[in-house]
2 protein chains.
Amino acid sequence: MATITDVARAAGVSPATVSRVFNGGRVTPERAERVRRAAADLGFSPNRVAQSLRKQRGSVIGLLIPDIENPFFTALARGVEDAAQQTNLSVVLCNTDEDIEKERRYLGIALAEQMAGVIVAAASRDRTDLSALAARGMPVVAVDRRPRNASVDAVLVDNQHGGEAATEHLLAGGYRRIACITGPAATSTSEERLAGYRDVLRTALHDGRVPAPPTGDPLTAWVRHADFKVEGGRAAMADLLAMDTPPDAVFVANNLMTVGALTALREAGQAPPGFGVLSFGDVPWAALVHPSLTTVQQPSYDLGFTAATLLQERIGGTHTPLRTVVLRTSLKIRASTAGPADGT
Amino acid sequence: MATITDVARAAGVSPATVSRVFNGGRVTPERAERVRRAAADLGFSPNRVAQSLRKQRGSVIGLLIPDIENPFFTALARGVEDAAQQTNLSVVLCNTDEDIEKERRYLGIALAEQMAGVIVAAASRDRTDLSALAARGMPVVAVDRRPRNASVDAVLVDNQHGGEAATEHLLAGGYRRIACITGPAATSTSEERLAGYRDVLRTALHDGRVPAPPTGDPLTAWVRHADFKVEGGRAAMADLLAMDTPPDAVFVANNLMTVGALTALREAGQAPPGFGVLSFGDVPWAALVHPSLTTVQQPSYDLGFTAATLLQERIGGTHTPLRTVVLRTSLKIRASTAGPADGT
DNA sequence: GCCAGTTCTGGAATCGATTTCACGCATGGC
DNA sequence: GCCATGCGTGAAATCGATTCCAGAACTGGC
């Protein structure tokens, strides 16, 4: 592989001049041309490792996501990648598996590899520690999930509003015993979506539009925490269906758990719209299954694209104050007009 | 960030000694202990960029896949990642989008970043060029798809056999006009699966077990090439259904196209098992839709795991001759016993 | 006690780029 | 004609690790 010194020798100039040709220094046109020709002849392309070492900054950005098998995150990753092309950075995808320990290791690698920056969908709101990166001045953007106590840019969706809209829509559809399956208590998205659900439900209980469940706190009796995975959603739904007074609808806080919930419903001989189901996030291949499933649409691609754009601005040296960009969700109504199975 | 020199100073030794402590050189236990303590105190971790530069080999392996949104490839990526943990290499995921140009760029980056090795599911059988890597002695393993003219290790599945088993199974189910939707002609997987289909069909035609279509070559009349994506599968299926004598079953050469084909069928008011559908590769979330869909199971995780293991052996310096590992597919029969809609 | 053979150790070279520094030369103003 | 200014250039330092080499210290055999 040709090095910068080889090119310099071939062109009869010093390595410094070659470097200047490729990095916008001042070089007389005639020499620059000679250098370019020599570089082309030798098939020279600069050694990125040496560049990174010298510049103390690599040309790779790290993207830490909790679940590579979730289409939501792959769409997000695609957005990041497309945005990164603009400044020809490459993207390293790191799958943390919702595991704090794996996440910690990847953050260490990001430092040791002198990555240009990191975009992170944090595995935990409280325990994800970004301070080492901050100390080194490495640009970081949080995406989808907001880590507490971290002073970083963030790109999020309006989870609370989405949760409200979802619950409202189920109410408007005539459902009265609305449950909620949300994610781990340690992630911001779970909590905010749940908060949206609770706010609407509280109002509805107060109005008397909705009856309280026979036992327990009406705002927690029909709430289940699961793990954002298919199987967790299935188990939670099965648990809800086994109650003495089971719900007649459910707001599920992510796409994969919705798949699980639908499976559990099918096993119990139920299905939408007889049993109301509303998913936060597009259910993969839903069109195939339940063309009538209403969902809260997440702008997953745009989340990634925006995060990468922000990150690149920081890498470029912007010193604007911290920004939090909130992208809007929208309700994608595909519902048939049918209401709950047992009328009102 | 602490450097090796800082540690050396703190421990009162030379940088060389520190390096030896961490790389298995001979150092007296007492000094080694002092170095380790100093390193721990300073939170030292070696700068991977400097390491890569000096060793002329990085600690990252590149994984080039054509479609990050396909669960087949994400499962494969997971296998690669798990295997890579063994030698603490990290994995860079590069999404080539079935685009030769993007692929070429990523291969260039792999060289410039001095990656330890590359695993590639080639975008094209003929036009993917791995020679530059070979020239630099960079270990490469081909996975899933076999690039022609490349002398590299490969990990594949028995596509031809899978295609045969699939077609046999449809025949055994009583279907008689069996179509095939395969992928781009430029990929080995498409061609091999199609070849399996054709072999079985040829025999069946010869036997008279299956009637020839009224017009055209019986081995091509019901064959469609698409792009391995959902929409391509939908269009191909719609095209088949619009024929004068439409097929009564279809063998679809990948999972995403099967989703598309099922959508097209639904739009035409048809569905399995009335219309036979057999997918090469697990259909994502199929359990939800058609619990009875039979598929050719791909060992996607193991493909990745095996490829990464082979690659690491090469990186470690094995000089065994080139190997091609073929993993077995298996037919996952979930079919109800119902046959074609129109009897026989 | 001496010599040969190990074992440890630190100095310095090295990987391939970028960047600082100082110098030579041209230009222009007065 | 002289000096200030500024551009273009190459030599050399630098980033942070690994590794070669030579020498120091130690061991054991006789």
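Placed above this text is the structure.
Residues numbered from 1 in each chain as written. Chains lettered and ligands numbered in written order. Predicted model: local features only at pLDDT ≥ 70, side-chain atom pairs only at ≥ 80, totals over all residues. Heavy atoms only, no water.

### Here's the deal with the protein's contact with DNA strand D
Surveying the vicinity of DNA strand D reveals 25 residues, the closest of which are T17, R26 and R31 of chain A together with I4 and R54 of chain B. In DNA strand D, the atoms that sit within 4 Å of the protein are 64% sugar and phosphate, with bases accounting for the remainder. Between DNA strand D and the protein, one listed contact pairs a phosphate oxygen with a side-chain N or O atom of T28 of chain A at 3.0 Å. Contact between DNA strand D and R54 of chain B: a base oxygen at 2.4 Å from a side-chain N or O atom of the residue. Of all elements in the fold, only helix 2 (15-23) and helix 4 (48-55) of chain A together with helix 2 (15-23) and helix 4 (48-55) of chain B reach the threshold of two or more residues within the surface near DNA strand D. (Near = heavy atom within 4 Å. Polar contact = N/O pair within 3.5 Å; in protein donor to acceptor, adjacent residues only side chain to side chain. Helix = DSSP H or I, 4+ residues; strand = E, 2+ residues; numbered from the N terminus.)

### Some words on helix 10 (residues 230-241) of chain B
Residues and elements named next belong to chain B. In this model, helix 10 (12 residues) spans 17 Å end to end at C-alpha, consistent with the 16 Å of a helix rising 1.5 Å per residue. Those residues of helix 10 not exposed but buried are G232, G233, A236, M237, L240 and L241. Considered in projection along helix 10, the buried side chains sweep an arc of 165° and stay on one side of the axis. Those residues of helix 10 hidden inside the fold are in contact with strand 6 (178-182), strand 7 (223-225), strand 8 (249-252) and helix 11 (255-267). (Expected span 1.5 Å × (residues − 1). Buried < 20%, exposed > 50% of the residue type's maximum accessible area, 1.4 Å probe, protein only. Arc of directions from axis to C-beta. Contact = heavy atoms within 4.5 Å.)

### Let's talk about the interface of chain A and chain B
Tallying the contact residues gives 50 residues for chain A and 49 residues for chain B. Counting each side, the surface lost to burial between chain A and chain B is near 4,300 Å², with a carbon and sulfur contribution of 56%. Counting the contacts that link chain A with chain B gives 8 salt bridges. A salt bridge links R78 of chain B to D67 of chain A, with the nearest nitrogen and oxygen atoms 3.9 Å apart. Between the two partners, chain A and chain B, sit 16 residue pairs in polar contact (both at pLDDT 80 or more). Within the residue set of the side of chain A that touches chain B, elements represented by two or more residues are helix 4, helix 5 (71-85), strand 2 (90-95), helix 6 (100-112), helix 11 (255-267) and helix 12 (286-289) of chain A. Tallying contributions element by element places helix 5 of chain A first for the side of chain A that touches chain B, with 8 residues. (Buried area = accessible area lost by both parts, 1.4 Å probe. Salt bridge = Lys/Arg side-chain N within 4 Å of Asp/Glu carboxyl O.)

### Concerning the protein's contact with DNA strand C
Lining the immediate surroundings of DNA strand C are 25 residues, of which I4 and R54 of chain A together with T17, R26 and R31 of chain B lie closest. Near the protein, within 4 Å, the atoms of DNA strand C are sugar or phosphate in 63% of cases. Note that a base oxygen of DNA strand C is positioned 2.3 Å from one of the side-chain N or O atoms of R54 of chain A. Breaking the surface near DNA strand C down by element, the ones donating at least two residues are helix 2 and helix 4 of chain A together with helix 2 and helix 4 of chain B. In terms of residue class, the surface near DNA strand C is made up of 10 nonpolar, 9 polar and 6 charged. (Nonpolar A, V, L, I, M, F, W, Y, C, P; charged D, E, K, R; others polar.)

### A short note on the state of the cysteines
Applying the stated criterion across every chain, the model contains 0 disulfides over all chains. Looking at the unpaired C94 of chain B, the closest cysteine sulfur is the one in C94 of chain A, lying at 12 Å. (Disulfide = S-S within 2.5 Å.)

### So, the packing of helix 10 (residues 230-241) of chain A against helix 11 of chain A
Residue and element names in this part refer to chain A. The N-to-C vectors of helix 10 and helix 11 enclose an angle of 45°; their axes lie 6 Å apart at closest approach. Classed by the angle they form, the pair helix 10 and helix 11 counts as oblique. In this structure, helix 10 meets helix 11 at a crossing whose hand is right-handed. Residue-level inspection shows V230, G233, R234, M237, A238 and L241 of helix 10 in contact with helix 11, the latter providing L256, M257, V259, G260, A261, T263, A264, L265 and E267. Broken down by class, the residue content of the contact of helix 10 with helix 11 amounts to 10 nonpolar, 3 polar and 2 charged. (Axes fitted to C-alpha atoms, helices over the stretch in contact; angles between N-to-C directions. Parallel < 35°, antiparallel > 145°, perpendicular 65-115°, else oblique. Left-handed = near helix turned anticlockwise from the far one by under 90°.)

### Notes on the relation of the copies chain A and chain B
Mapping chain A onto chain B calls for a screw motion: a turn of 180° about the axis and a shift of 0.1 Å along it, with 0.1 Å RMSD after fitting. The transformation just described matches what one would write down for a two-fold rotation axis. Scanning chain A for the C-alpha nearest the rotation axis identifies V92 of chain A, at a separation of 2.3 Å. Both copies contact each other with a shared surface, as 98% of the interface residues of chain A are interface residues in chain B too. (Least-squares fit on C-alpha atoms with pLDDT ≥ 70 in both.)

### Some remarks on the pairing of strand 1 (residues 60-65) of chain A
All names here are of chain A. Judged by how many residues are buried, strand 1 sits mostly within the fold: 6 of 6 residues are covered. Covered by surrounding structure in strand 1 are V60, G62 and L64 together with I61, L63 and I65, the residues of both alternating faces. Bridge analysis of strand 1 against strand 2 gives 6 bridges, and the strand direction is parallel. Its bridge partner lying in strand 2, I61 is registered against V91. Relative to strand 3 (residues 117-120), strand 1 runs parallel, the two sharing 4 bridges. Paired with L63 across the bridge in strand 3 is I119. (Pairing = 2+ DSSP bridges.)

### Quick look at the nonpolar core
Membership of the largest hydrophobic core comes to 138 residues, with the highest contact counts inside it found for I61, I119, I181 and M237 of chain A together with I181 and M237 of chain B. Excluding anything up to four places from it in sequence, I119 of chain A contacts I61, G62, L63, L64, V80, V141, V143, A307, A308 and L311 of chain A. In terms of nonpolar packing, the next biggest core, distinct from the first, is built from 40 residues, Y106 and V152 of chain A together with Y106 and A110 of chain B among them. (Core = buried A, V, L, I, M, F, W, Y, C linked by side-chain atoms within 4.5 Å.)

### Topic: the sheet that holds strand 6 of chain B
All names here are of chain B. With mixed pairing, the 6 strands of this open sheet are ordered in space as 7-6-8-9-10-12. Looking along the sheet, the strands with just one partner apiece sit at the ends: strand 7 and strand 12 (330-332). Ignoring strand direction, the axes of neighbouring strands in this sheet form an average angle of 20°. In terms of strand pairing, strand 10 (residues 295-297) meets strand 12 through 3 bridges, oriented antiparallel. In the sheet register, T295 faces strand 12, and the bridge partner there is K332. The strands touched by helix 8 (residues 159-172) within the sheet are strand 6, strand 8, strand 9 (276-280), strand 10 and strand 12, with strand 9 carrying the most contacts at an inclination of about 165°. Seen against the sheet, helix 11 touches strand 6, strand 8 and strand 9 and runs at an angle of roughly 160° to strand 9.

### Quick word on the side chain of T128 of chain B
Residue and element names in this part refer to chain B. Residue placement: T128 occurs in the loop between strand 3 (117-120) and helix 7 (131-135). T128 gets classed as buried once you look at its relative accessible area, which sits at 8%. A polar contact is formed between the side chain of T128 and the backbone oxygen of S124, at a distance of 2.9 Å. Apart from the residues lying within four places of it in its own chain, the contact partners of T128 are I100, E103, A122 and A123.

### Observations concerning the sheet that holds strand 3 of chain A
Residue and element names in this part refer to chain A. Here we have 6 strands laid out as an open sheet, ordered 2-1-3-4-5-11, and parallel in their pairing. Because the sheet does not close on itself, it has two edges, and the strands there are strand 2 and strand 11 (324-327). In this sheet, neighbouring strand axes are inclined to one another by 15° on average, regardless of whether the strands run parallel or antiparallel. Examined bridge by bridge, strand 5 (residues 153-157) and strand 11 share 4 bridges and lie parallel to one another. Bridge pairing in strand 11 links L156 to V326.

### Here's the deal with unusual backbone geometry
All names here are of chain A. Residue P273 is reached from P272 by a cis peptide bond, and omega for that bond is 0°. For P273, the position within the fold is in the loop between helix 11 and strand 9 (276-280). The phi torsion at E98 lies on the positive side, around 55°, for a residue other than glycine. Summarising the element assignment, E98 is placed in the loop between strand 2 and helix 6.

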